[in-house]
Amino acid sequence: MKLNKTLLMFSLLTATSATNAGQVEVLHWWTSGGEAKALNALKDMLEEQGHDWKDFAVAGGGGESAMTVLKTRAVSGNPPSAAQIVGHDIQEWGGLGFLTNLDDVAKQGGWEQVVPPMVTDIMKFNDGYVAVPVNVHRVNWLWANPRAFEKAEAKVPTTLEEFFIAGDKLKAAGIIPLAHGGQPWQDATVFEAVALEVLGSEDYLKAFVELDMDVLSGEKMVEVFTQFKKMRNYIDANSPGRDWNVATTMVINGDAAMQIMGDWAKGEFSAAGKVAGKDYICVPAPGTSGQFTHNVDSFAFFELSDEKSKKAQKALAATILDPKFQEVFNLNKGSIPVRLDMDMSKFDTCALDSMADFKSTAKTGDLVPSMAHGMATTSYAQGAIFDVVTHFFNDKNADPKQAAKKLAKAVKAAI
Ligand code: BGC
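In this text the structure is predicted, and so the values were computed from the model without any measurement.

### So, the overall build of the protein
Step number 1: What the protein contains, in helices and strands, is 19 helices and 15 strands.
Step number 2: Computed over its C-alpha atoms, the radius of gyration of the protein comes to 22 Å, within 12% of the 22 Å expected for a compact globule of 415 residues.
Step number 3: For the protein, the spread of C-alpha atoms along the three principal axes comes to 80 × 45 × 40 Å.
Step number 4: Across the 415 residues of the protein, 55% fall into the buried class.
Step number 5: Of the contacts formed within the protein by residues at least 6 apart in sequence, a portion of 76% connects residues at least 24 apart.
Step number 6: Carbon and sulfur atoms form 54% of the exposed surface of the protein, whose accessible area is close to 17700 Å².
Step number 7: Averaging the positions of the 40 positive and the 51 negative side-chain charges in the protein gives two centres separated by 3 Å.

So this is what it looks like as structure tokens:
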């Protein structure tokens, strides 16, 4: 009898939560080991609240394929609840009228008090929240395998000059100096790291944010292409088409010594059980210490009509900025929390350095948006830059002077 009563109560309870439960369909491109582990925390926390998670993963680092699929879905009138959309793209989607307002969730969660304005500005369209930030990635990192450096008797480089010296020693020791994946966004990721060093923060901003034709075609840009071209000599012949996480695995295994990549690479080291400062080393990309290229991941939320789905959507938005989620997600993703009030005691030295530099570079003017990851300019200008950079990098006879001219021309035609 007692048992029956308990059963009845249980079924009543589950019936209530099933009535309130909604589904969120979430489009993203987080399919590597570290990325998937990080995202699972969001799925788990949403399911704990009684909602269903419908995964909509479109593989491909940098998100180009995901954006193509999203456009098709949205245009056919069937958008997901939320999609990984970053930087300038948020404005483009907002302008098309697809996104929903999240100001009530933001107010309840006190987002304005804990997230820096530089980030909240990106999340708003017409002054209202339409997207939620997940993290802050630093893009200008160099990941190094200390055993490879010991074997080659080389020093982890802090400047471009040192990079080429170390590269020659590593090559002589039979180790691939730079693990690289020949895909346009990865070429652009290395290119912008070189550009940050050679141009300096001020001219980097002029080139990729203001799209200043004089800087895009100028002498310093010629030097950027010259240094970038030299990097080709330190990459193996199998790099074309290689995924970024496969390149990271080469550094983890010691087949390659270094990778220039954002700190989502750290997510791969962590997923492989590797420890920062012991099994691998993180240092700013050559010549860029005291500078910070940022890439803020975010989810934009689409206008839906079903009430239950709307409820689940709001629960998703609130969960993303929950301190508990911010901790577990960023520990696995390699990034730092986007909330500035977090307890950082569980984070490693790379994350602590990143947080310190994120805060200090915001004051010196050395915190710059990543061109390669859609934070600096529109998708049109970015696409034009990608084309020139990738063609240049794939043509061993390409001329840096011509490339700088082409860069300005291509950007001018795209805007
Ligand atoms: C995203 C990261 C992601 C990386 C590789 C970047 O554009 O910001 O979150 O891990 O692409 O997929």
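### A word on the domain arrangement of the protein
Step number 1: Under the domain assignment, the protein is made up of domain 1 (20–136 + 296–350) and domain 2 (138–294 + 357–414).
Step number 2: Placing the centre of domain 1 and that of domain 2 at their C-alpha centroids yields a distance of 27 Å.
Step number 3: Contacts between the two partners involve 26 residues from domain 1, matched on the other side by 29 residues from domain 2.
Step number 4: Contact between domain 1 and domain 2 buries roughly 2200 Å² in total, counting both sides, with carbon and sulfur atoms accounting for 60%.
Step number 5: Taken together, the connections running from domain 1 to domain 2 amount to 1 salt bridge.
Step number 6: In this structure, Lys-266 engages Asp-348 in a salt bridge whose closest nitrogen and oxygen atoms are separated by 3.0 Å.
Step number 7: Between domain 1 and domain 2 we count 7 residue pairs in polar contact (both at pLDDT 80 or more) in total.
Step number 8: Sorting the residues of the side of domain 1 that touches domain 2 by element identifies α2 (33–48), α4 (88–95), α7 (117–123), α16 (323–333) and α17 (349–364) as the ones contributing at least two each.
Step number 9: When grouped by side-chain class, the residues that make up the side of domain 1 that touches domain 2 number 10 nonpolar, 11 polar and 5 charged.

### Here we look at the nonpolar core
Step number 1: In this structure, Phe-208, Met-221 and Met-231 are the most contacted members of the largest nonpolar core, which totals 77 residues.
Step number 2: Examining the composition of this core, we find that 13 residues originate from one element, helix α10 (residues 184–208), more than from any other.
Step number 3: If sequence neighbours within four positions are ignored, Phe-208 has contacts with Phe-191, Ala-195, Leu-199, Leu-216, Met-221, Met-371, Ala-376, Thr-377 and Ile-385.
Step number 4: One finds Leu-102, Val-338, Met-342 and Met-344 within the second-largest nonpolar core, a separate group that totals 64 residues.

### A few points about the layout of surface pockets
Step number 1: In this structure, the largest pocket encloses a volume near 730 Å³.
Step number 2: If you go around the largest pocket, you meet 40 residues; those closest to its centre are Gly-63, Glu-64, Met-67, Asp-89 and Gln-382.
Step number 3: Elements represented by at least two residues in the lining of the largest pocket include exactly α3 (64–75), α4, α10 and α18 (379–394).
Step number 4: No fewer than three residues from each of domain 1 (20–136 + 296–350) and domain 2 (138–294 + 357–414) sit in the lining of the largest pocket.

### A short note on the pattern of salt bridges
Step number 1: One pass over the structure, following the stated rule, counts 14 salt bridges.
Step number 2: The partner of Arg-242 in a salt bridge is Asp-236, with the nearest N and O atoms 2.6 Å apart.
Step number 3: On the basis of relative accessibility, which here comes to 16%, the residue Asp-236 falls in the buried class.
Step number 4: A salt bridge links Lys-346 to Glu-327; the nearest nitrogen and oxygen atoms lie 3.2 Å apart.

### Describing the side chain of Gln-183
Step number 1: Within the secondary structure, Gln-183 is located in the loop between β9 (176–178) and α10.
Step number 2: A polar side-chain atom of Gln-183 sits 2.9 Å from a polar atom in the side chain of Asp-243.

What counts, and where the lines are drawn
Residues numbered from 1 in each chain as written. Predicted model: local features only at pLDDT ≥ 70, side-chain atom pairs only at ≥ 80, totals over all residues. Heavy atoms only, no water. Helix = DSSP H or I, 4+ residues; strand = E, 2+ residues; numbered from the N terminus. Rg over C-alpha atoms; globule rule 2.2 N^0.38 Å. Buried < 20%, exposed > 50% of the residue type's maximum accessible area, 1.4 Å probe, protein only. Contact = heavy atoms within 4.5 Å. Areas by Shrake-Rupley, 256 points an atom, 1.4 Å probe, with all protein chains shown as cover. Lys, Arg positive; Asp, Glu negative; His and termini not counted. Charge placed at Lys NZ, Arg CZ, Asp CG, Glu CD. Domains from an automatic or database assignment. Buried area = accessible area lost by both parts, 1.4 Å probe. Salt bridge = Lys/Arg side-chain N within 4 Å of Asp/Glu carboxyl O. Polar contact = N/O pair within 3.5 Å; in protein donor to acceptor, adjacent residues only side chain to side chain. Nonpolar A, V, L, I, M, F, W, Y, C, P; charged D, E, K, R; others polar. Core = buried A, V, L, I, M, F, W, Y, C linked by side-chain atoms within 4.5 Å. 1 Å grid on protein atoms, 1.4 Å probe; cavity = no way out; pocket = protein on both sides within 12 Å on 5 of 7 lines; lining within 4 Å. Points joined across faces, edges and corners; volume = space filled by probe spheres on them.

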